[in-house]
Amino acid sequence: MTVSAVLAGTTTCTAVTLSGTVTSAGALSMTGPSVGGRSGLASSIAPQGLPWAGAVTYGGAPPATGTISLTGFSIKATVFGVSRTHGITGTLSAPGYNPDNTSRPNAAAQAQVDLTGKVLPKTAGSFVCPGNATVTSGVFALNGAASGGAMTRVLGVTP
């Protein structure tokens, strides 16, 4: 995932995992996001206000198969010793794609959610910090636990 902010440059995190659970009714709880593989100006990036609640729903604006919504999505970044928090005070919604959807952002045959282009307003921090951060690259594969606990089970959303 790549996040950029005006005046702060770009920070790339190549090992971002959004862990959580989803019920058969679509209730979502993100309990263990982790951020790693960081390069760029931020000396640290960490999720805030966990758990994030949300929902997975079938349908959405074509060509998406569904919508993934998160409430409380918030990250804290530190650049040059100055910390600030960017996030959504309401609900962050993003398109979701089933593994067989030919319009999915990545060619891999797995369910995906695309946070690319999402704007995260500043919710706390110094006036010298930028007002917004933008996810410039943020496609996530959605996998479920298979027997033995490995996250290799193919998921999908149905009506």
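Here the structure is a predicted model, which is why all the values come from computation and not from measurement.

Undergrad: So what's going on with the overall build of the protein? Which residues, and what values?
TA: Scanning the protein from N- to C-terminus turns up 0 helices and 16 strands. In summary, the protein has a C-alpha radius of gyration of 16 Å against a globular reference of 15 Å for 159 residues, a match within 12%. Judged by the C-alpha coordinates and their principal axes, the protein covers about 45 × 35 × 30 Å. Burial analysis of the protein (159 residues in total) assigns 35% to the buried set. When contacts within the protein are restricted to residue pairs at least 6 apart in sequence, those whose partners lie at least 24 apart make up 50%. Put simply, the protein shows about 8,100 Å² of open surface, and 57% of that area lies on carbon and sulfur atoms.

Undergrad: Report on the side chain of Gln112, specifying residues and quantitative values.
TA: By the element assignment, Gln112 lies in strand β12 (residues 111-114). Judged by relative accessible area, which is 1%, Gln112 ranks as buried. Separated by 2.9 Å, the side chain of Gln112 and the backbone oxygen of Asn106 make a polar contact. Reaching out from Gln112, the side chain makes a polar contact with the backbone oxygen of Ala108 at a distance of 3.1 Å. Once residues within four sequence positions are removed from consideration, Gln112 is found in contact with Pro95, Gly96, Tyr97, Arg104, Pro105, Asn106, Val139, Phe140, Ala141 and Leu142.

Undergrad: I'd like a description of the packing of aromatic side chains, backed by residues and values.
TA: This structure, assessed with the given rule, holds 1 aromatic pair. Measuring from ring centre to ring centre gives 4.7 Å for Trp52 and Phe73, while their planes differ by 45°; the resulting arrangement is tilted. With a gap of 21 residues between them, Trp52 in strand β7 (residues 52-58) and Phe73 in the loop between β8 (66-71) and β9 (74-79) connect regions that are remote in the sequence. Since its relative accessible area comes to 1%, Trp52 is described here as buried. Look at Phe73 and you get buried, because its relative accessible area is 4%.

Undergrad: Can you tell me about the sheet that holds β8, naming the residues and giving the values?
TA: With antiparallel pairing, the 8 strands of this open sheet are ordered in space as β3-β4-β7-β8-β11-β12-β15-β16. A single partner strand is all that each edge strand has here, and the edge strands are β3 (20-22) and β16 (153-154). One ladder, built from 2 bridges, connects strand β15 (residues 139-144) with β16; its direction is antiparallel. Residue Gly144 lies in a different strand from β16, and its bridge partner there is Arg153.

Undergrad: Any details on the pairing of β15? Residues and values, ideally.
TA: Pairing of β12 with β15 involves 4 bridges; the strand directions are antiparallel. Within β15, the residue paired with Val113 across the bridge is Phe140.

The rules behind these values
Residues numbered from 1 in each chain as written. Predicted model: local features only at pLDDT ≥ 70, side-chain atom pairs only at ≥ 80, totals over all residues. Heavy atoms only, no water. Helix = DSSP H or I, 4+ residues; strand = E, 2+ residues; numbered from the N terminus. Rg over C-alpha atoms; globule rule 2.2 N^0.38 Å. Buried < 20%, exposed > 50% of the residue type's maximum accessible area, 1.4 Å probe, protein only. Contact = heavy atoms within 4.5 Å. Areas by Shrake-Rupley, 256 points an atom, 1.4 Å probe, with all protein chains shown as cover. Polar contact = N/O pair within 3.5 Å; in protein donor to acceptor, adjacent residues only side chain to side chain. Phe/Tyr/Trp six-rings, centres within 6.5 Å; stacked < 30°, edge-to-face > 60°. Pairing = 2+ DSSP bridges.

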